[in-house]
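Residue strings, one per chain:
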Amino acid sequence: MDKISLLQKIIDESKRIVFFGGAGVSTESGIPDFRSANGVYNLKLNRNFSPEELVSHTMYEKYPEEFYNFYKKHLVYPNAKPNFAHKYLARLEQDGKLATVITQNIDCLHEMAGSKNVLKLHGTVDSNTCIICNKKYNMEEFLEICETENIPHCSKCGGIIKPDVTLYEEVPDPDTFRKAINEISRADTLIIGGTSLIVYPAASLVQYFQGKNLVLINKSKTEQDNFANLVIHESIGEIFKNLK
């Protein structure tokens, strides 16, 4: 049996699927990943800071202008649209097969495609909070303020508006993480897609899976390949296009 047919069989026979995804799920929507040759971390910036340093809490605190400039240019994609992978997962949920999408991505493409049960381990670009009065701003409001201010300030109290995303040196939201552990531990099938599984603590979630089928779909090899029932080294969108 070829790999596509085997994946289809696994999905057909599963009752509670959880999908755990990373940057590779959104690359076909025009959002670059981080570690590939064309990824965010390989950008040539002509600056004293590396891209990885620019998305750290230290950078946000000490060099906010540099941080916000990089964040707006390279982490927020207001015109991105869901691709086939997002749409297929939303359909699986509507069919009662998929219980939850757990994502490391900070975009909103799963929700735009129609997924309802989405756990975002690293936060979302669509939520931004004043650090003084806690006033909330969505992505559109945040970007509008950024058009006139290098460092966005709250219209209510003047405090700095911080994106609700997990930066380097910050701890992911513990409630979201606990929910993700619970969902993975209850799944009969875990499909992991578009992630190299090297970012911790997110990658540690795999150890909580106790179900029958572990499926890995990623362009490159991962440390978990040897433990999976099925490994496919292809683009996740292209694989999902071949499924019913």
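What counts and how
Residues numbered from 1 in each chain as written. Predicted model: local features only at pLDDT ≥ 70, side-chain atom pairs only at ≥ 80, totals over all residues. Heavy atoms only, no water. Pairing = 2+ DSSP bridges. Helix = DSSP H or I, 4+ residues; strand = E, 2+ residues; numbered from the N terminus. Salt bridge = Lys/Arg side-chain N within 4 Å of Asp/Glu carboxyl O. Buried < 20%, exposed > 50% of the residue type's maximum accessible area, 1.4 Å probe, protein only. Axes fitted to C-alpha atoms, helices over the stretch in contact; angles between N-to-C directions. Contact = heavy atoms within 4.5 Å. Core = buried A, V, L, I, M, F, W, Y, C linked by side-chain atoms within 4.5 Å.

An unreviewed UniProt entry lists the chain under the name protein acetyllysine N-acetyltransferase, from Leptotrichia mesophila.

(A) Up close: the sheet that holds strand S5 (residues 136–137). Strand order in the open sheet formed by three strands is S5-S4-S6, and the pairing between neighbours is antiparallel. Each having just a single partner strand, S5 and strand S6 (161–165) make up the two edges of the open sheet. Pairing geometry for strand S4 (residues 123–130) and S5, over two bridges, is antiparallel. In the sheet register, Asn128 faces S5, and the bridge partner there is Tyr137.

(B) Highlighting the pattern of salt bridges. Inspection of the entire model under this criterion finds eight salt bridges. For Glu183, the salt bridge goes to Arg16, with nearest N and O atoms at 2.9 Å. Of this pair, Glu183 sits in helix H8 (residues 174–186) while Arg16 sits in the loop between helix H1 (3–13) and strand S1 (17–21), and the two are 167 residues apart along the sequence. Look at Arg16 and you get partly exposed, because its relative accessible area is 24%. In this structure, Glu170 engages Lys162 in a salt bridge whose closest nitrogen and oxygen atoms are separated by 3.0 Å. Residue Glu170 is classed as partly exposed on the basis of its relative accessible area, which comes to 21%. Each member of the salt-bridge network shares a partner with another, and the members are Arg16, Glu183 and Arg186.

(C) Focus on the sheet that holds strand S2 (residues 98–103). Pairing in this open sheet of six strands is parallel, and the strands run S3-S2-S1-S7-S8-S9 from one edge to the other. In the strand order of this sheet, the two ends are held by strand S3 (118–120) and strand S9 (230–232), each with one partner. Taken pair by pair, the neighbouring strands of this sheet meet at an average axis angle of 15 degrees, ignoring direction. Of the pairings in the sheet, the one linking strand S7 (residues 189–193) to strand S8 (residues 213–217) comprises five bridges and is parallel in character. Bridge pairing links Gly193 to Ile217 in S8. Helix-sheet contacts for H1 involve S1, S7, S8 and S9, and the interaxial angle to S9 is about 130 degrees.

(D) Just the nonpolar core, in detail. Counting residues in hydrophobic clusters, the biggest one holds 24 residues, and the most contacted among them are Phe67, Tyr71, Val125 and Phe142. Contributing elements (two or more residues each) for this core: helix H3 (57–62), helix H4 (64–74), S4, helix H7 (139–146) and S6. For this core, the element with the most residues is H7, which contributes five residues.

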